[in-house]
Structure formats: C-alpha cells, structure tokens
Amino acid sequence: MTVGRFVSITCASSTVVAIITEVSCENLSPGDDYIAIATVDLLGEIFVNNEQSRFRRGVTRYPTIGDAVGLVSNSDLRTIYAPNGSDKINIGTLQQDPSIIAHVDVEEMLSKHFVIVGSTGVGKSSGVALILNEILKVRPQLRIFMLDVHNEYGRCFGERALVLNPRNLKLPFWLFNFEEIVDVLFAGRPGAPEELEILSEVIPIAKGLYTQYQNPERISLKRSDARQIGFSVDTPVPFRLVDMISLIDERMGKLENRSSRIIYHKLISRIEAVRGDPRYAFMFDNANVGGDTMAEVISLLFRLPDNGQPMTVMQLAGFPAEVVESVVSVLCRMAFDFGLWSDGASPLLFVCEEAHRYASSDRNIGFGPTRKAVSRIAKEGRKYGVYLGLVTQRPAELDTTIISQCNTLFAMRLANDRDQDLLRAAVSDAAANILAFVPTLGTREVMAFGEGVALPTRLRFNEVPPHQLPRREATIRSGSFIEGHDMQFIEAVLDRWRGATRRDMSSGDSRLGERSPSLAASIEPPMLQPSAGFDPDRFSLLKKPLRWSRPARPLLPIGAAVKIAWLSICESRKRVPGCARQKTEYCATVSLADAPRPRAPL
C-alpha cells in the first residue's frame, strides 16, 4: 500500500472509497500485528441501486471501528469510472490499473471550466489536442474557439477546424473598443492624455457621420455636440478613419497656439502610421467594404453556421507583438457579449493557450482589458453558454481569481515550487496530498482533479495519432540543420523577413477573397458621400517658421486634374477680412482648374 492508492472500507450499507495520503511505520509497538499505519481521505461510496452498483461523491455513512479495509478491486474501479451517459470522453487509462479507462464528464468539465497545466515537453499540447478532439466527437454542435499562440494546432483537427491568421483574417478596427484601439495606436504604451481626450470626442462623431452616409434623409448631425449623436466611443458600429482624421484636422485648423496644434499633428501622424503599416492590414484594409459587416465577422469567427467546421484555430504568431493582447481582448469580449445577448443559444468553448500571457497575476503586466475579458468569461460565462479552457506552463503567473473558477484541473509535471503551491490552493484538501507526485510525473502522465473526474486520479493520456500531433510550422530538431547555406538562402530569408512589413500593391483585394470567397462575393461597398479629407501638405506648414513669403508662380500643364487646395498660413499681425476661419491669422484660397490655354500662371 502506497500513497495515492485507493482503498475500500466495507460498511454495513455501502463500500466507502478512500485514498491513501500518508504511510508511517514509526512508534509501533513490538506486539502489534501490523507493520504500518496509513492515513486516508474519504472520497465517496459505492452503493447498490436496483441491483446495480453505482458510485457517488461524498460519504453519507462513515465507517466504524472494525470495518474491513482493503485495496479497491478491479470491479470497484470499473464501477467508479464507468461512463453513465453519452457525455463521457475517453482520454486515458488509470496509472493504478491500465485496464481501466479514465472517463471524463464533458458537461461538468465544460460548464464549470477547466485548466491544463504542465511544463514544456511533458505532452501538454498533445493532451490539449486529445481532449478537444474527443469533445468534438461527443459534442458536434459545440463551437470551439482556440487561441494558438505558437501556430502548432493548425493540423490537429483536420477538416473540422477553420484556421485563421493575419493573412486571411478581417477584423475591422471599428470593432475595437476605446481602450483597445488606443492600445493599437500607441503600440501598447499608455496614451497621451491630450490625445486620448481628442479621440474620445471625435470617434462618436465619426460614427454618426457614417450613419448619415447610409441614411441620407436623416437630419444633419451637429458636429460640435457629440452627446446628441447617440453613440459612445465603445459602440460597435462602423466609422471611417478618413472622417476621424478630418475631424481632428478641422479642430487643429481652428487653433492659434502652435504648441497645441502639435498635439493634433502627432495624433494624426500616429493614426496614419498605423493605418499604413502592412502588419495591421487585417484591421484597416477594406475595413469599411460592405458597410456594417459585424454579423459576417462573428459568423466567420465563431462558426455560425459551422458548415462542417465547428472549430476555429486563431494563429497568433503572425500578428504584431504590440497588438496581440488587444486582438485577444476583442475576441474574448465579442465571445462573451454574443453569448450574453443571445441568451446562451449557441454554446462556445473558448480555449486560451499560454493563458498566463493574457491574464497575469501581476496587475502591472499585460493589457488590463484582456485580463478583464478573460476574467468575465471565467466568472459569468457559464451562465450564457461561454465556457473557458485554460492552458499554461506557469500557473503561478496566472490570475488566481481566474484559475479558481476552473473546477476541473489536469496537472502534468511541474517542478517550480510556486506553481505547486498554487495547485495545492486550487484543489480540495482531500486531494492536496497527492500533489507531491506532480514533480515526478512521466511524459503524458497527469493528475486529474475536480468535477470532471469521478475521483482525484493519476492517469496516462492516450497516444495521439501522428496526423493530430501539435507541431510548429518551423520545427527545429537537434542534428537536423541544413549545411551549405549560401547567399541565395540568406536573401530568400530576408525577402520573407521584409515582406512581413511591406505592402503588396499588386495583390489588390486578394486578402478578402482568400479569407472567404463567399463572403467576398456578398459584400458590396455602401454609397458613401465623399469626405473633404485633409491636406497632407498641412503638416509641413507646422514645421515652417512663423513668417510668410510669396511662393513661386508654378505653371499648370494642359489637362491637369481639377484640384482645390486649402492652405492655412500663419503670419503675425495680418488677417484677411471676412475669412471663414476667424481664428486663423492669414488665409489664402487657391483654385486650380483646367486651363484653356497651353500654360496658365497660378
């Protein structure tokens, strides 16, 4: 008899099942007829109901002195782990008796969330693939959304999973709430208060302007009062960046103080830089094509309808590191909100791999809204059919509030003392003693606790078929290096490296078609009124000294396109009478039109 083994105590009306937590042979009298003393924790009991043996957690009648104790028999183990319905999945066998299948209750595991922890190289990823594949078998209607941090699960689920990445994903920027879009614009750094105030004022107005474009008969909105528009900065409705920039530019033109205008200029430059970065194409390219495409985006992300692919694997390795947490925040928030407003009509399992990255226990690390979104699913998601599965190799770095909401725990080998302490706090006192085996578990061995399993169990995961094994797209093995690298190889690598930050102008709108041909065909651009936009030359004026000189007189060639340029030029102690821009010290209007003669002076 050793620690971790099950014993049975035969009582008058039932058989009590207990687990050995301590064995000692100290302080024994020479005349004792036994050689050791074992301490046990009572876990449940086997009783007979309608001539059939069944197991239930908890003990209704405790053993008395003199009741017989022995090792749990093979038949009793089969009774304990027998599947009592179709919602059981086979993930492995008992370490105590490999002939006994360790079934897991899917309903209990999902509805109360689960977490898988383990160090690198212990078979954690293959265990995740095994569990999710088994869930797909018994719950084909359940939708699964998985965050794949290292792009290693793309081939694990075959045709049942849609794999999304920055090359085929379209996540419009207007789906981001205010905190998320600020995190994108400022590359993960805290935003400047003055710029944040400007954004919070112009974004609702830009949303109102977009609504006007689609409803021409609607009464014109007052740009000066955002409170009358009815939209907040977080309302998930479309707006155009060009409208937002125009509003900022318009406000900048009304300022006399040059230092104040610099703030507006920096904000516009920041927006333009992010919009023009090819790495952010999944957010900004064709973001307004089709008008309000929020329904199509949700349908694609969360598989409604699933079209034979109930699972989504979101590969995060290709996203810019500065916006990964913002993207995760958007996805978590949309998953919860859709479950909330649909009253849980379409259950969803949200699996977060490397969860400690997005929900750190240290409040000074990471992106606050991401932690908040994951925490909200953990606390309230089960009420709206949004379930949470967490995978991490550092449970001590995971938010304790979130991990405490996961009532089924799969613990693989962990050597860190802080991680083991957290596990002891997360499991019941009856099972805490067997966590001493966690540092010595072998590959694919796991300690399972909680509502999803009948008893705290040491089991061994089933082997995963080779075609379902997680593997990174670029797998490096010792001794597999290619010899004879030449300059051509290096140039090819550099082309791929630079291509990640270079926009391919010849591809046109291929990203949209690559993502979903049917969706691309169904999207038609709305009839939008032209925006006045802004003059990029205006920025150069801010860098010039505050004195005005007459420009050269350029000549207009034949066939020149019609263009109207509004130049706001500052000059001290001068003002044009009747100027529309009363706060501008000098205003000149230049109109260029097709000339009837070969060369016409300006």
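Scroll up a little and you will see the structure.
The present account deals with the structure reproduced in this document. What you see is a predicted model; the values in this text were computed from it and never measured.

What counts, and at which threshold
- Residues numbered from 1 in each chain as written.
- Predicted model: local features only at pLDDT ≥ 70, side-chain atom pairs only at ≥ 80, totals over all residues.
- Heavy atoms only, no water.
- Helix = DSSP H or I, 4+ residues; strand = E, 2+ residues; numbered from the N terminus.
- Buried < 20%, exposed > 50% of the residue type's maximum accessible area, 1.4 Å probe, protein only.
- Contact = heavy atoms within 4.5 Å.
- Areas by Shrake-Rupley, 256 points an atom, 1.4 Å probe, with all protein chains shown as cover.
- Polar contact = N/O pair within 3.5 Å; in protein donor to acceptor, adjacent residues only side chain to side chain.
- Pairing = 2+ DSSP bridges.
- Axes fitted to C-alpha atoms, helices over the stretch in contact; angles between N-to-C directions.

### What about the overall build of the protein?
Phase 1: When helices and strands are tallied, the protein shows 18 helices and 20 strands.
Phase 2: Classification of the 602 residues of the protein by burial places 45% in the buried group.
Phase 3: Once local pairs closer than 6 in sequence are excluded, the contacts in the protein between residues at least 24 apart make up 72%.
Phase 4: A total accessible area of about 31000 Å² is found for the protein, and carbon and sulfur atoms account for 52% of it.

### What to know about the side chain of Thr457
Phase 1: Positionally, Thr457 belongs in strand S16 (residues 457–461).
Phase 2: According to the relative accessible area criterion, Thr457 is buried, its value standing at 1%.
Phase 3: Of note is the side chain of Thr457, whose polar atom sits 2.5 Å from the side chain of Tyr81.
Phase 4: Among the polar contacts listed, one links the side chain of Thr457 to the backbone oxygen of Leu455, at a separation of 2.5 Å.
Phase 5: Beyond its immediate stretch of four places on either side in the chain, Thr457 contacts Tyr81, Leu94, Val446, Met447 and Ala448.

### Some thoughts on the environment of Val297
Phase 1: Among the secondary structure elements, Val297 is positioned in helix H9 (residues 294–302).
Phase 2: Distance from Val297 to Lys170, taken between C-alpha atoms, is 7.4 Å for residues 127 residues apart in sequence.

### What to know about the sheet that holds strand S6 (residues 88–94)
Phase 1: Judged by pairing direction, the sheet is mixed, and its 11 strands sit side by side in the order S7-S6-S16-S15-S14-S8-S13-S12-S9-S11-S10 without closing on themselves. Strand pairing shows two members of the sheet lacking a second neighbour, strand S7 (101–105) and strand S10 (161–164), which therefore form its edges. Pairs of neighbouring strands in the sheet enclose a mean axial angle of 25°, with direction left out of account.
Phase 2: On the sheet, helix H3 (residues 124–138) packs against S6, strand S8 (114–117), strand S9 (143–148), strand S11 (311–315), strand S12 (348–353), strand S13 (386–392), strand S14 (408–411) and S16 and is oriented at approximately 145° with respect to S6.

The analysis is restricted to geometry; functional conclusions fall outside its scope.
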